[in-house]
Amino acid sequence: MIWLTWRQFRTQAAVLFAAVAALAATLAVTGPQLADLYRTAGSGLVDQVSGSDRTLYYTGLLAVLAVPAVIGMFWGAPLVSRELETGTHYLAWNQGVTRTRWLATKLALGAAASMAAAGLTSLAVSWWSSPIDRAVDGGGATDTYFPRLDPVAFAARGVVPMAHAAFAFVLGVALGLVVRRTLPAMVTTFALYAAVQIAVPTWIRSHLAAADRTTLPIGPDGAPISIQDGAEQIVAHLEEVPGSWVVSQQTLDAAGRPAPVPSSFADCLRTESGPPTPQQFDGCLADLGAQGYTQRVTYQPAGNFWTLQWAETGLHLGLALALTGFCAWWIRRRAT
C-alpha cells in the first residue's frame, strides 16, 4: 500500500519538492550576504536591502503561503476523489486491504510529505529573512517589510506552515471523500482553506496568547497618529514597541470610556484649500488632547511570536486530527 500510494502522487510531489529545492538553493546563495549586512548595519539594514533581495523577500513570503494551498488542492483533494470517481478503489478493497488501512496509508504518507515540504520551505525562507525580521523587530524604520507578528508574515515563518500543510492536505482528502469528484473537490478545498486562513488571524489568533495594552495621549507630542474614514477614526502607531501586532484600539473620552471621535475634530481638519497642513493637524490633535481624549491600544508584543506559533500549530493539527477522524468514519459508514 505504501508503494502504491507513493506512485499515485509521486509526480506532484516531485514537482513541488523540485521547486522547493530551487528556492532553497537561491536563498542559500544570497543569504550570507544579507546576514553580513545585518552585522554591520543592525536595524538600519531595512534601508540598505537591494532591489533584488527585496523581490526575493516577497517571493519567499508568497512561496511559503502558497505551499499548503497547493498541497491541499493537488495532493489532498485528488488522492481519494480520483479513485472514487474512476472506481479503482474497489480493486484495492478486493485485494484484502481494508478500507481503514487503505485510507490510513494514504493519510499518513501524504501528511508526512506535506509537512516535510512546508517545513523545508519555511525553514529556508525563515533563515534567509531572519536578518530583515530582526532589523524590523529591533526598530528599523520601514513601511516595506512585515514584522514577524504581522498576519501575513506570521503564516510564513516558524513551524506554523507545517501545521497549515497537514490541515490543508487532510481537508483535501476529506472533501474528496465527500464530493467524490476531483475538480470540484480541488476548488472547494482551496475555497475552504482560504476561508480558514482569513478567519484565524482575524478572529482567533489574537486570543491565543495574552495581549498587552497601553493608553496613549493624543497630541502632537504623543504617539504618531493617523486618521481614517474622513477623520471619524483615529489610529495610533506603536513605534516605541517595534515588531508588535496591533490587535485593536479605541478612542477614550476624558472619563476613560470608549467614545467616537467628536465632530469638532473633523470640523477642525476641514479646510477650503484641501488637506490640512502638518501645523493645522497638530493643532487639531492638541485641541483633542486638551479635551482629555486618549487612545487605548491592544497589541501582541514581538516576544509572543513563539507562543502564538505553537498555539496556532496545535490548533491546526487539532483540526487535521478531527478531519482524520471524520475521514475514518466516512470511509467505513458512507463510502461505497
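For the structure itself, consult the block above.
Engineer: Residues and numbers for the state of the cysteines, please.
Structural biologist: A full pass over the atoms with the stated rule returns one disulfide. Across the disulfide, Cys268 is cross-linked to Cys284 (sulfur-sulfur distance 2.0 Å). Because the sign of the S-S torsion sets the handedness, a value of about -90 degrees for the bond joining Cys268 and Cys284 places this disulfide among the left-handed ones. Here the residue Cys268 occupies a position in helix H8 (residues 263–269), and Cys284 occupies one in helix H9 (residues 278–290), the gap between them amounting to 16 residues. For Cys284, a relative accessible area of 2% gives the class buried.

Engineer: Provide a residue-level description of the packing of aromatic side chains, including the pertinent values.
Structural biologist: In total, this model carries 11 aromatic pairs according to the counting rule given. An aromatic cluster of three or more residues is present, and its members are Tyr57, Tyr58, Tyr145 and Phe146. Between Arg148 and the ring centre of Phe305, over which it is positioned, the NZ or CZ distance is 3.9 Å.

Engineer: With reference to specific residues and values, describe the layout of surface pockets.
Structural biologist: Roughly 720 Å³ of internal volume is contained in the largest pocket. Considering only residue class, the lining of the largest pocket consists of 14 nonpolar, seven polar and three charged. Taken as a whole, the second largest pocket spans an internal volume of roughly 160 Å³. As for the second largest pocket, its lining consists of Val64, Leu65, Pro68, Pro151, Val152, Ala155, His164, Tyr193, Gln197, Pro201 and Arg205. Tallied by class, residues from the lining of the second largest pocket come to eight nonpolar, two polar and one charged.

Engineer: If you had to explain the packing of helix H7 (residues 182–204) against helix H10 (residues 305–333) to someone new, which residues and values would you point to?
Structural biologist: At their nearest, the axes of H7 and H10 sit 13 Å apart, and the two run at 135 degrees to each other. In terms of axis orientation, H7 runs oblique to H10. Our pair here, H7 against H10, has a crossing hand that is right-handed. For the pair H7 and H10, contact is made by Val196, Gln197, Val200 and Ile204 and by Glu312, Leu315 and His316, respectively. Along the lines of polarity and charge, the residues of the contact of H7 with H10 split into four nonpolar, two polar and one charged.

Engineer: Tell me about the pattern of salt bridges, residues and numbers included.
Structural biologist: This model, assessed by the stated rule, comprises seven salt bridges. The partner of Arg257 in a salt bridge is Asp253, with the nearest N and O atoms 3.7 Å apart. Taking relative accessible area as the criterion, Arg257 reaches 52% and is therefore assigned exposed. Take Asp253: its relative accessible area is 15%, and that puts it in the buried class.

Engineer: Can you explain the pairing of strand E3 (residues 233–236)? Please cite residues and give values.
Structural biologist: Looking at chain direction, strand E2 (residues 225–228) and E3 are connected through four bridges and run antiparallel. Directly across from Ile227, in E3, lies its bridge partner Ile234. Where E2 folds back on E3, the antiparallel hairpin that results is connected by four residues, among which Asp229 adopts a positive phi of roughly 55 degrees.

The rules we used
- Residues numbered from 1 in each chain as written.
- Predicted model: local features only at pLDDT ≥ 70, side-chain atom pairs only at ≥ 80, totals over all residues.
- Heavy atoms only, no water.
- Disulfide = S-S within 2.5 Å.
- Helix = DSSP H or I, 4+ residues; strand = E, 2+ residues; numbered from the N terminus.
- Buried < 20%, exposed > 50% of the residue type's maximum accessible area, 1.4 Å probe, protein only.
- Phe/Tyr/Trp six-rings, centres within 6.5 Å; stacked < 30°, edge-to-face > 60°.
- Lys NZ or Arg CZ within 6 Å of the ring centre and 35° of its normal.
- 1 Å grid on protein atoms, 1.4 Å probe; cavity = no way out; pocket = protein on both sides within 12 Å on 5 of 7 lines; lining within 4 Å.
- Points joined across faces, edges and corners; volume = space filled by probe spheres on them.
- Nonpolar A, V, L, I, M, F, W, Y, C, P; charged D, E, K, R; others polar.
- Axes fitted to C-alpha atoms, helices over the stretch in contact; angles between N-to-C directions.
- Parallel < 35°, antiparallel > 145°, perpendicular 65-115°, else oblique.
- Left-handed = near helix turned anticlockwise from the far one by under 90°.
- Contact = heavy atoms within 4.5 Å.
- Salt bridge = Lys/Arg side-chain N within 4 Å of Asp/Glu carboxyl O.
- Pairing = 2+ DSSP bridges.

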